[in-house]
Amino acid sequence: MFDSLLQYLADRMGVEPPRAGEAVSPHIRFEQPWPQWALLAVIVAGSAFIIWLYRRESRVSTPMKTLLAGLRITLLLLTVFLISEAALSVDRTGLPYLAVMVDDSASEQVADQYENPETQTKAAALAADALPPAPGVEKKPEAPKPADDETSRLAVAKGLLLKDDAALLKSLQKQHRVRFYLVSNATRLLAEIDRPEDVAPAVEKIREVKPTGPQTRLGDGVRQVLTELRGAPPSALILLSDGQTTEGEPLARAVEAASRKGVPIYTLGLGSAEPARDLELSDLLVDDVVFVDDAVRFQAKLAARGFAGQRATVRLREKTPGADPNDPGRLIKEVDVDVPPDGKPARVEILHEPKEVGEKTFVLDVDPRPRELQTDNNRIERVVSVRKEKLKVLYAESEPRYEFRYLKNYLEREETIDLSVVLLSSDPEYSDQDRSAIPVFPASKEDLFNFDVVLFGDVDPGYISQSQMKNLAEFAEEKGGGVLFIAGELYNPLSYRGTPLEELLPIELADARNPSAVGAPVEPFHPELTLEGRSSPIFRFGGDEAESARIWQDLPESYWYMEAPRKKPGALVLADHASATGSDGKLPLILYQFTGAGRTMFHAIDDTWRWRFRSGDKYFGRFWVQTIRFLARSRLAGKRQAEVQTDRRSYQRGEPIQIRVRFPNPGLAPVDDSASVQVERQGGVGRTLKLTKRPGSPNVFEGVLSQAAEGEYTVRLLPPPVLDGPIPTSQFRVEAPAGEFEKVQMNEPELRRAAASTSGVYYPAVAADDLLKDLPKPSKVPLDTDPPIPLWNSWPILALFLTLLTTEWLLRKRARLV
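Here the residue index of a chain counts from 1 through its sequence in written order. At least 70 in pLDDT is required for a residue's local features to be given in this predicted model, at least 80 for side-chain atom pairs to be given and counted, and no such filter applies to totals for whole chains, interfaces and linings, which use all residues. Only hydrogens and water are set aside when side-chain values are computed; all heavy atoms of the structure are taken into account.

Draft legend 1. The overall build of the protein, seen in detail. On a plain count of helices and strands, the protein comes out with 19 helices and 34 strands. Only protein chains enter the accessibility calculation, which uses a 1.4 Å probe. A residue is then buried if its area is under 20% of the maximum for its type, exposed if over 50%, and partly exposed in between. Taken over 818 residues, the protein has a buried fraction of 49%. Within the protein, contacts between residues at least 6 apart in sequence are counted, and of these 74% link residues at least 24 apart. For the protein, the exposed area adds up to about 39,900 Å²; of that, 51% sits on carbon and sulfur atoms. Helix and strand assignments follow DSSP, with helices taken as H or I runs no shorter than four residues and strands as E runs no shorter than two, numbered in order from the N terminus. Contacts between residues were defined by any pair of non-hydrogen atoms, one from each residue, lying within 4.5 Å. Here the accessible surface of atoms and residues is derived via Shrake-Rupley with a 1.4 Å probe, and residues count as covered only by protein chains that are part of the display.

In structure tokens, the structure reads:
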């Protein structure tokens with residue numbers, strides 16, 4: 001009854017009513033409290049004295065004396081009440097906090113393939129509950145089957161929270177103040193659910209969550225939540241995660257803090273605890289331009305998880321233009337390979353000799369395996385231009401040495417080569433008698449630019465003017481032509497110091513010398529292929545790299561070389577001396593560099609003709625045809641009006657993506673020193689990136705894309721300029737950081753330990769029906785205290801005091817005691 005009176009008093013005094021989930025507890029508080037002994041002494045002594053006085057009165061009846069004594073004692077108590085400065089104090093209590101943490105790191109985009117079909121069905125059903133209802137439909141009558149990318153771990157977590165019209169969230173809200181957090185590389189408060197009307201906005205925010213976090217910091221997240229709620233620790237913490245911590249404090253250490261605070265952690269495991277399984281093909285390398293009957297090498301990396309020691313079949317297919325997108329394409333060749341151990345990619349190579357010309361789309365794929373993590377990375381495709389045309393080759397020499405004679409005779413018979421020969425020391429009649437000979441080295445730029453490749457032998461620079469040398473330099477730099485310098489004992493390359501030809505050479509002439517000219521003996525030697533050389537199509541003599549290496553080792557030895565110990569910084573060495581060394585290591589013998597739009601190569605040997613011993617033109621001819629085609633590829637690709645390139649085919653999220661546009665013909669380059677490309681994510685909206693001209697390169701434009709989400713991307717050149725033919729494009733892929741996918745199986749032991757050490761419970765996310773029942777029963781927690789409302793100086797108290805005083809005086813007067 002007294003509590004009801006205080007509640008009534010609080011209502012009359014204007015105390016704010018309790019909010020949802022709160023309760024108020026009014027009570028009397030003394031601002032100037034007396035010591036208990038003094039208060040008791042005053043009340044007891046005063047009351048005893050009043051009773052003693054009225055008992056001595058014999059003129060009034062006992063009931064009147066009792067009434068008057070009661071009034072006097074009440075006035076005494078009210079006086080003490082006023083002197084103590086009594087006030088009305090209101091304490092508020094509310095629902096306890098409950099924290100829900102959901103892992104939104106990149107690993108939560110994994111769509112697990114469970115071994116148990118029943119578990120797979122339950123996961124798909126939960127993922128379906130995460131799908132938003134159709135427009136105009138409040139609730140789906142039957143959950144649709146989610147797509148593959150909608151059965152991710154995060155989708156299962158969403159479905160668990162949102163199923164049955166967010167029944168779990170509504171039940172939690174009735175007995176708790178729910179704080180909803182996302183945890184990945186940082187922990188962020190997503191929503192607070194204090195009232196029933198807070199549920200709907202929280203549901204919409206949960207639906208929009210994407211698994212994009214680059215790291216998982218579960219330990220840091222748990223500690224942050226406990227710190228934020230240190231004034232009122234949550235009654236429980238619910239964690240939905242796969243249990244893998246990739247950065248920061250381990251979960252086990254943060255759990256100790258929760259245990260000390262008495263906060264139980266209920267863990268819901270997302271994903272499968274089975275080891276992850278995945279096959280991935282990446283980094284496909286193949287020339288953009290090849291020739292009919294070329295031995296085209298398709299080389300890629302095969303990475304695997306969970307399949308070590310098994311065999312896999314990698315297939316090369318050709319897609320038919322206009323065919324059904326689901327059509328895998330025509331099978332060309334397949335190879336069986338050993339699946340590599342986890343984390344150790346293996347190289348896969350397939351050779352193909354195309355027979356038809358045109359723009360061909362080739363696909364390299366590996367068959368998906370049961371319960372594989374993802375299958376969209378099991379295939380790569382690339383567009384290759386297959387050509388069948390005669391390459392126009394100009395071969396210039398001063399003297400008819402052996403290399404010249406055998407090479408000239410072979411190239412004249414080769415049906416894919418249109419050969420022109422300049423023998424500078426020949427008689428004037430020579431050009432009339434030899435069908436491939438021309439009288440002089442081309443004097444005009446137009447005549448020289450008609451060729452695809454120039455073989456520049458031991459040419460006396462006295463026969464070549466400065467303008468002709470400049471034309472040859474522009475032939476490589478501007479037109480993308482290929483130039484091969486074949487060293488000789490007389491002129492090439494030592495006589496080219498200080499001429500425009502020196503810039504074309506991939507070697508430094510300052511330290512170059514002819515060892516035989518200074519009397520140094522040259523022992524027979526066999527050139528040794530470098531790593532770059534072993535993978536180069538120039539030295540592909542057999543069906544695969546191993547057979548080609550064996551054939552190379554069996555070729556006859558060489559007996560002379562030009563000693564050039566230093567290569568230019570951008571040059572790539574294909575073969576070097578097996579034993580002779582210089583200032584930079586082994587002496588380079590065959591090397592090349594990119595020069596402007598073209599390629600220039602240097603041979604420090606001049607006796608490849610010896611390779612004809614017992615094999616005829618089989619390997620000698622193959623080597624030279626493949627070398628000429630290698631040098632001509634830049635020129636043929638240069639017929640494209642523009643090229644779009646990225647520095648890599650695959651990136652991790654957060655890595656800068658360098659995009660380059662090159663115009664083989666500088667005349668087609670934009671005049672305003674900038675070019676634009678559209679970068680479009682598959683299934684998304686494109687965005688425009690502006691590229692700027694690279695200093696010193698009027699036909700090359702570069703830019704950097706700093707941020708891109710995971711997915712497959714296409715880069716397209718935007719006008720201006722307006723080009724003929726198809727729009728130049730390039731493709732690349734952005735992946736999540738490796739740390740998130742290094743261990744993708746659910747860490748069930750870690751989640752179980754976190755729950756057990758805090759008196760919580762672990763559940764698989766697909767079997768968490770008892771969560772609500774197992775949560776601790778909530779109890780009200782103190783929130784705050786309202787400012788006290790003074791009662792001792794209020795008008796009602798003063799009126800009561802005066803009323804009692806007046807009533808006593810009137811009764812005493814009536815009883816004739818005054």
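Draft legend 2. Structural view of the sheet that holds strand 13 (residues 346-352). Read across the open sheet, the 3 strands follow the order 8-10-13; overall the sheet is antiparallel. The sheet is open, and its two borders are formed by strand 8 (278-285) and strand 13, each paired with just one other strand. This sheet shows a mean twist of 30° between the axes of neighbouring strands, independent of strand direction. Inspection of the sheet shows strand 10 (residues 296-305) paired to strand 13 by 7 bridges, in the antiparallel sense. Of the residues in strand 13, the one forming a bridge with Leu302 is Ala346. For two strands to be treated as a pair, DSSP must find at least two bridges joining them. Fitted lines through C-alpha atoms serve as axes, helices being fitted only where they are in contact, and the angles separating the N-to-C directions of these axes extend from 0 to 180 degrees.

Draft legend 3. Main features of the packing of helix 7 (residues 218-228) against helix 8 (residues 251-260). Running from amino to carboxyl end, helix 7 crosses helix 8 at an angle of 20°, the nearest separation of the two axes being 7 Å. Looking at the two axes, helix 7 sits roughly parallel to helix 8. For helix 7 against helix 8, the interelement crossing comes out left-handed. For the pair helix 7 and helix 8, the contacting residues are Leu218, Gly219, Val222, Arg223 and Leu226 in the first and Leu251, Arg253, Ala254, Ala257 and Ala258 in the second. Here the residues of the contact of helix 7 with helix 8 are counted per class, giving 7 nonpolar, 1 polar and 2 charged. Any angle that is under 35 degrees is reported as roughly parallel, and any over 145 degrees as roughly antiparallel; angles of 65 to 115 degrees are reported as roughly perpendicular and all others as oblique. Each crossing is labelled by how the near helix is turned from the far one, with a counterclockwise turn of less than a right angle marking it left-handed and a clockwise turn marking it right-handed. Side-chain classes are defined by residue name, with Ala, Val, Leu, Ile, Met, Phe, Trp, Tyr, Cys and Pro counting as nonpolar, Asp, Glu, Lys and Arg as charged, and the others, Gly among them, as polar.

Draft legend 4. Molecular detail of the environment of Ala604. For Ala604, the location among the structural elements is in the loop between strand 23 (598-603) and helix 15 (617-637). Residues Ala604 and Asn514, spaced 90 residues apart in sequence, show a C-alpha to C-alpha distance of 10.0 Å. The residues touching Ala604, leaving out its near neighbours within four places in the chain, are Ala487, Trp560, Tyr561, Met562, Pro588 and Leu589.

Draft legend 5. Spatial organisation of the environment of Val337. Looking at the element boundaries, Val337 is found in strand 12 (residues 330-338). Using a relative accessible area of 15% as the deciding quantity, one classes Val337 as buried. It is 9.9 Å that separates the C-alpha atoms of Val337 and Glu349, two residues lying 12 residues apart in sequence.

Draft legend 6. Up close: the side chain of Asp112. Of note, Asp112 is situated in the loop between strand 3 (97-103) and helix 4 (117-129). Within the structure, Asp112 has its side chain in polar contact with the side chain of Arg153 (distance 2.7 Å). Those residues in contact with Asp112 that sit more than four places away from it in its chain are Gln120, Arg153, Gly271 and Ser272. Here a polar contact is recorded for every N or O atom pair within 3.5 Å, except that within protein the pair must consist of a potential hydrogen donor and a potential acceptor, and residues adjacent in sequence are included only if both atoms are side-chain atoms.

Draft legend 7. Structural detail: the packing of helix 4 against helix 5 (residues 153-175). At a closest axis distance of 7 Å, the pairing of helix 4 and helix 5 adopts a crossing angle of 70°. By the angle between their directions, the pair helix 4 and helix 5 is classed as roughly perpendicular. Like other packed secondary-structure pairs, helix 4 and helix 5 cross with a definite hand, here left-handed. Only Ala155, Val156, Gly159, Leu160, Leu162 and Lys163 of helix 5 make contact with helix 4, whose side of the interface consists of Ala123, Leu126, Ala127 and Asp129.

Draft legend 8. Region of interest: the packing of aromatic side chains. Between rings of Phe, Tyr and Trp, where Trp is taken as its six-membered ring, a pair exists when centres lie within 6.5 Å; planes separated by under 30 degrees are stacked, by over 60 edge-to-face, and by other angles tilted. Following the criterion strictly, the structure yields 22 aromatic pairs and no others. Ring geometry for Tyr406 versus Trp609: centroids 5.7 Å apart, planes at 5°, classification stacked. A residue pair is termed long-range when its members are at least 10 positions apart, and Tyr406 in helix 9 (residues 402-413) and Trp609 in the loop between strand 23 and helix 15 qualify at 203 residues. In this structure Tyr406 comes out as partly exposed when scored by relative accessible area, which is 30%.

Draft legend 9. How the structure looks around a nonpolar patch on the surface. The patch calculation keeps residues exceeding 30% relative accessible area without a salt bridge and links them within 9 Å when they carry like charges or within 5 Å when they are nonpolar (Val, Leu, Ile, Met, Phe, Trp, Tyr). Salt bridges are identified by distance alone: a Lys or Arg side-chain nitrogen within 4 Å of an Asp or Glu carboxyl oxygen. Together, Phe49, Trp52 and Leu53 line one region of the surface with nonpolar side chains, adding up to about 310 Å² of accessible area. Turning to its location among the elements, Phe49 is positioned in helix 2 (residues 36-55). With a relative accessible area of 47%, Phe49 lands in the partly exposed category.

Draft legend 10. Quick look at the nonpolar core. Here, nonpolar core refers to any group of buried Ala, Val, Leu, Ile, Met, Phe, Trp, Tyr and Cys residues whose side-chain atoms link them within 4.5 Å. Grouped together as the largest cluster of nonpolar side chains are 43 residues, with contacts concentrated most on Leu455, Phe539 and Met601. Leaving out residues up to four positions away in the same chain, Phe539 has contacts with Leu529, Gly533, Ser548, Trp552, Leu574, Ile590, Phe623 and Gln626. With 41 residues, the next largest nonpolar core counts Leu394, Leu448, Phe456 and Ile605 among its residues.

Draft legend 11. Quick peek at the side chain of Arg401. One can find Arg401 in the loop between strand 16 (391-397) and helix 9. Reaching out from Arg401, the side chain makes a polar contact with the backbone oxygen of Ala487 at a distance of 2.7 Å. Ignoring any residue separated from it by four or fewer positions in sequence, one finds Arg401 in contact with Gly457, Asp458, Ile486, Ala487, Gly488 and Asp606.

Draft legend 12. Here's a closer look at the pattern of salt bridges. With the rule as written, the count across this model stands at 44 salt bridges. A salt bridge links Arg401 to Asp606; its shortest N-O distance comes to 3.3 Å. Placement of Arg401 in the loop between strand 16 and helix 9 and of Asp606 in the loop between strand 23 and helix 15 is noted, with a sequence separation of 205 residues between them. For Arg401, a relative accessible area of 15% translates into the label buried. When its relative accessible area of 14% is taken as the criterion, Asp606 is described as buried. The network of salt bridges with common partners includes Glu318, Arg330, Glu356 and Lys360.

Draft legend 13. Summary view of helix 8. Listed in full, the buried residues belonging to helix 8 are Leu251, Ala254, Val255, Ala257 and Ala258. The buried residues of helix 8 occupy one face: seen down the axis, they fall within an arc of 155°. Looking at the buried residues of helix 8, the elements they touch are helix 7, strand 6 (236-241), strand 7 (265-269) and helix 17 (748-756). Just past helix 8, the residue Gly262 takes up positive phi, approximately 75°. Think of it as the arc spanned by the lines of direction from the helix axis to the C-beta atoms.

Draft legend 14. Quick look at the sheet that holds strand 23. Sheet architecture is open: 8 strands sit in the order 17-16-18-19-23-22-21-20, paired in mixed fashion. The open sheet has two free edges, formed respectively by strand 17 (417-423) and strand 20 (528-529), since each of these has just one partner strand. Bridge count for strand 21 (residues 572-582) against strand 22 (residues 585-595) is 6 bridges, and the pairing is antiparallel. From the neighbouring strand, Leu572 faces strand 22, where its bridge partner is Tyr592. Across the face of the sheet, helix 9 comes into contact with strand 16, strand 17, strand 18 (453-456) and strand 19 (482-486) while running at roughly 150° to strand 17.

Draft legend 15. Local environment of unusual backbone geometry. Backbone torsion omega between Asn492 and Pro493 reads 10°, so that peptide bond is classified as cis. Tracing the sequence through the fold places Pro493 in the loop between strand 19 and strand 20. Despite not being glycine, Ala166 shows a phi value in the positive range, around 55°. Within the secondary structure layout, Ala166 lies in helix 5. For Ala166, a relative accessible area of 3% translates into the label buried.

Draft legend 16. Seen up close, the pairing of strand 17. Summarising burial for strand 17: 6 of the 7 residues are buried, a large majority. With 7 bridges joining them, strand 16 and strand 17 adopt parallel strand pairing. Bridging from a neighbouring strand, Tyr395 pairs with Val421 of strand 17. Look down the strands so they point away from you; if going from the first strand over the helix to the second traces a clockwise path, that crossover is right-handed. For the handedness criterion, the β-α-β arrangement of strand 16, helix 9 and strand 17 is classed as right-handed.

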